[in-house]
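Survey of secondary and tertiary structure
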Amino acid sequence: MIPKNEGPVDRAIRIVVGIVLLPAGLFLLDGLQGSVVGVVVAAFGLLSLVTGATGRCPLYVPFGFTTVRRSSGAPVH
């Protein structure tokens, strides 16, 4: 399992972006009608919501990147 690698600010930004992009892609850009652009935007919104809600970003792992502040010696789950 991927360890948590998103801090609270990173997670909040991702959730807000997801809340904006998901309905924009589905309704404003006609993703529900089959528009490729709308579906892609909605998919990015869904991805942002999932990663923000879980606190884990698979794209951070290969680069060893994290936005979690680690306290002195305490492991982050």
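A brief report on the enclosed structure follows. (Residues numbered from 1 in each chain as written. Predicted model: local features only at pLDDT ≥ 70, side-chain atom pairs only at ≥ 80, totals over all residues. Heavy atoms only, no water.)

1. Observations concerning helix 2 (residues 36-54)
With 19 residues, helix 2 should reach 27 Å at 1.5 Å per residue; the first-to-last C-alpha distance of 27 Å fits that figure. Listed in full, the buried residues belonging to helix 2 are G38, V41, A42, G45, S48, T51 and G52. Buried residues in helix 2 make contact with helix 1 (8-28). One or two residues past the end of helix 2 sits G55, with phi positive at roughly 80°. (Helix = DSSP H or I, 4+ residues; strand = E, 2+ residues; numbered from the N terminus. Expected span 1.5 Å × (residues − 1). Buried < 20%, exposed > 50% of the residue type's maximum accessible area, 1.4 Å probe, protein only. Contact = heavy atoms within 4.5 Å.)

2. Quick notes on the pattern of salt bridges
One pass over the full model with this rule turns up two salt bridges. A salt bridge links D10 to R14; the shortest N-O distance between them is 3.0 Å. Of the two residues, D10 and R14 both sit in helix 1, four residues apart, roughly one turn of that helix. A network of salt bridges, in which partner residues are shared, links E6, D10 and R14. (Salt bridge = Lys/Arg side-chain N within 4 Å of Asp/Glu carboxyl O.)

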